[in-house]
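# Examining the three-dimensional arrangement
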Amino acid sequence: MKILITGGAGFIGSHLVRRMVDNYPEYQIYNLDKLTYAGNLENIKDVENKPNYHFIKGDIADLEFIRSSFSQYGFEGVIHLAAESHVDRSILDPLAFVTTNMVGTAVLLQVAKENWKDDFDGKLFYHVSTDEVYGSLGDEGFFVEETPYDPRSPYSSSKAGSDHLVRAWGHTYGLPVKISNCSNNYGAYQFPEKLIPLFINNIVNRKPLPVYGRGVNVRDWLWVEDHAAAIDLIFHKGTIGETYNIGGHNEWKNIDLIKLLCQQMDKKLQRPEGSSEQLITYVKDRAGHDMRYAIDAGKIKKELGWSPSVTFEQGLSKTIDWYLENRQWLDNVTSGVYQAYYKEQYIKRQNP
Ligand code: NAD
Ligand code: DAU
């Protein structure tokens, strides 16, 4: 089977590409990625010489390019992860999110339909999405697959839009589609704009830890390799037309997570207990900041037998170890344009 994975040079995509290349030598895996600031071929360096791995550089929103890639390679399955993925950036530059997340998804759907229309048998368009499409929870309750959509940021609305497009191509044209909506991922190779790698990097460099608002927002954290395992399972065993929620049943208030991270970092860096916590700085809140996300992953557990393989403490410890052992990776991705983003995002926040 020839499988197109979009966004395979990003965080989750790189773990998925590695898993698919290693576990399915009989498949040809094509990683198509624009290599934005978030895409990095270093993330998948270990698979680049494998005979069943191929890299294609390009933009999913470029209709003619996607058409010519489908004609050239004859993809039979698509696992679509390419996206603009950071909420704070969506507040700074929303239109980039509409272009990649909505127009890009529509282009892929349309070209898949054009290519597969004579025979949908054995074909699959699998769209990887987020729990943020469901909006924000109060103290109680969980997102289930039937929770009505209520996205509230440019990022989550563009992902919600992309989910609707996928379902529309499924209902209207019969395109075989699947969707999964996952909670917050963490692990190796995550770009240090997201909470956990940003804070690890700042602790290493003794920089302030910018906690938005009062630090009381809640997220449900899942180790990225458990997400990749869930995607593999849904791709192979999930039912066409269905949606699956994926989450860790692992809710943390931001400030509690940050304190645990600080404690683990002090131990690993052999710094005096409490020294990283002194870096905590409360800053202006994110605009429209969703309060709580929490996934009910009962469906994927019951129907496909998936569950997370590590506890949060284990996953976080492995994650910190990876960043400490790969400081060169962190230094490489935080040089250059990262500095300009950091200034725009955080310096103004601390001195409004
Ligand atoms: P990421 O930002 O780390 O990676 C995104 C990748 O997409 C990058 O390699 C980038 O170069 C590529 N890309 C961006 N625009 C492109 C375009 N126009 N054409 C081709 N490639 C393009 O993102 P991530 O955190 O790995 O997320 C991957 C997917 O999973 C996204 O669809 C995201 O919405 C979804 N998701 C993420 C999380 C999370 O916690 N990170 C949770 C649930 C769902
Ligand atoms: O829920 C899934 C989503 O999780 C994914 O779809 C997104 O792609 C991914 O970015 C993530 O979104 P969040 O906004 O929840 O993740 P982020 O790491 O940006 O922030 C986590 C929490 O930490 C959130 O409440 C905001 C807060 N935060 C974040 C940053 C970057 C801070 O307090 N300070 C920060 O500097």
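Now for a quick tour of the structure. Just so it is clear, the model here is predicted, and its values are computed rather than measured.

## Structural notes on the site of ligand 1
- If you check the shell around ligand 1, you find 29 residues, and the closest are I12, D33, S85, Y155 and K159.
- At a separation of 2.9 Å, an oxygen atom of ligand 1 approaches a polar backbone atom of G10.
- At a separation of 3.0 Å, a nitrogen atom of ligand 1 approaches a polar backbone atom of I60.
- Contact with the protein chains hides 97% of the accessible area of ligand 1, taken as 840 Å² for the molecule alone.

## What to know about the nonpolar core
- Core analysis: the biggest nonpolar cluster contains 40 residues, and I196, I200, I203, L261, M265 and F312 have the highest contact counts within it.
- For this core, the secondary-structure elements that each account for two or more residues are helix 6 (195–204), strand 8 (209–212), strand 9 (218–223), helix 8 (254–268), strand 12 (280–283), helix 10 (312–325), helix 11 (327–333) and helix 12 (337–350).
- Counting residues per element, this core draws most heavily on helix 8, which supplies 7 residues.
- Residues contacting M265, with those up to four places away along its chain left out, are I200, I203, V204, S276, I320 and L324.
- Listed in part, the 39 residues of the second largest apolar core include V17, Y126, Y293 and A297.

## A word on the pattern of salt bridges
- Overall, the coordinates contain 14 salt bridges when judged by the stated rule.
- Among the ionic pairs, E193 bridges to R89, the shortest N-O distance being 2.6 Å. One end of the pair, E193, is in the loop between strand 7 (184–186) and helix 6; the other, R89, is in helix 3 (residues 87–92), with 104 residues separating them in the sequence.
- You can call E193 buried: its relative accessible area is 3%.
- Between R292 and E251 there is a salt bridge whose closest N-O contact spans 2.7 Å.

## Section: the packing of aromatic side chains
- Taken as a whole and assessed by the stated rule, the structure comprises 23 aromatic pairs.
- Ring geometry for Y73 against F75: centres 5.8 Å apart, planes inclined by 25°, an arrangement best described as stacked.
- Judged by its relative accessible area of 23%, Y73 is partly exposed.
- Aromatic pair W322 and Y323: ring centres 4.9 Å apart, planes at 90°, arrangement edge-to-face.
- Through a chain of ring-to-ring contacts, the aromatic side chains of Y37, F191, Y212, Y338, Y342 and Y346 assemble into a single cluster.
- One residue, R292, lies across the ring of F142, its end atom 5.7 Å from the ring centre.

## So, the site of ligand 2
- In the neighbourhood of ligand 2, 26 residues make up the surrounding shell, with T130, D131, Y155, R286 and Y346 lying closest.
- For ligand 2, an oxygen atom lies 2.7 Å from a polar atom in the backbone of S85.
- A distance of 2.8 Å separates a nitrogen atom of ligand 2 from a polar atom in the backbone of P210.
- Relative to its unbound accessible surface of 690 Å², ligand 2 loses 95% to contact with the protein.
- Listing elements by their share of the shell around ligand 2, those giving two or more residues are helix 3, helix 6 and strand 8.

## Examining empty space enclosed by the protein
- Under the counting rule described, the total for this entry stands at 2 cavities of 30 Å³ or more.
- Each pocket or cavity is described by its volume, and for the second largest cavity that value is around 30 Å³.
- Taken together, V87, E132, S153, R219, R286, G288, H289, D290 and Y293 make up the full set of residues lining the second largest cavity.
- Across the lining of the second largest cavity, the residue classes tally to 2 nonpolar, 3 polar and 4 charged.

## Points about the sheet that holds strand 11 (residues 251–253)
- Taken in spatial order, the 3 strands line up as 7-9-11 in an open sheet, and their pairing is mixed. In the strand order of this sheet, the two ends are held by strand 7 and strand 11, each with one partner. Sheet twist, expressed as the mean angle between neighbouring strand axes with direction ignored, is 50°.
- One ladder, built from 3 bridges, connects strand 7 with strand 9; its direction is parallel. Note on strand 9: the bridge partner recorded for N184 is W221.
- With respect to the sheet, helix 7 (residues 224–237) is in contact with strand 7 and strand 9, its orientation differing from that of strand 9 by roughly 70°.

## What to know about the side chain of D232
- Mapped onto the elements of the fold, D232 is located in helix 7.
- Of the polar contacts made by the side chain of D232, one reaches the side chain of Y24; its length is 2.7 Å.
- Residues in contact with D232, not counting those within four places in the same chain, are R19, M20, N23 and Y24.

## What about the side chain of K178?
- Relative to the helices and strands, K178 resides in strand 6 (residues 177–182).
- As a buried residue without a salt bridge, K178 has its nearest oppositely charged side chain in D232, at a separation of 9.8 Å.

## Some words on the environment of Y30
- By the secondary structure assignment, Y30 is in strand 2 (residues 28–33).
- Classification of Y30 by relative accessible area gives buried; the value is 7%.
- Each C-alpha atom, one on Y30 and one on I3, is 6.0 Å from the other, the two residues being 27 residues apart in sequence.
- Leaving out residues up to four positions away in the same chain, Y30 has contacts with K2, I3, L4, I5, H54, I56, Y73 and F75.

The rules behind these values
Residues numbered from 1 in each chain as written. Chains lettered and ligands numbered in written order. Predicted model: local features only at pLDDT ≥ 70, side-chain atom pairs only at ≥ 80, totals over all residues. Heavy atoms only, no water. Near = heavy atom within 4 Å. Polar contact = N/O pair within 3.5 Å; in protein donor to acceptor, adjacent residues only side chain to side chain. Areas by Shrake-Rupley, 256 points an atom, 1.4 Å probe, with all protein chains shown as cover. Core = buried A, V, L, I, M, F, W, Y, C linked by side-chain atoms within 4.5 Å. Buried < 20%, exposed > 50% of the residue type's maximum accessible area, 1.4 Å probe, protein only. Helix = DSSP H or I, 4+ residues; strand = E, 2+ residues; numbered from the N terminus. Contact = heavy atoms within 4.5 Å. Salt bridge = Lys/Arg side-chain N within 4 Å of Asp/Glu carboxyl O. Phe/Tyr/Trp six-rings, centres within 6.5 Å; stacked < 30°, edge-to-face > 60°. Lys NZ or Arg CZ within 6 Å of the ring centre and 35° of its normal. 1 Å grid on protein atoms, 1.4 Å probe; cavity = no way out; pocket = protein on both sides within 12 Å on 5 of 7 lines; lining within 4 Å. Points joined across faces, edges and corners; volume = space filled by probe spheres on them. Nonpolar A, V, L, I, M, F, W, Y, C, P; charged D, E, K, R; others polar. Pairing = 2+ DSSP bridges. Axes fitted to C-alpha atoms, helices over the stretch in contact; angles between N-to-C directions. Lys, Arg positive; Asp, Glu negative; His and termini not counted.

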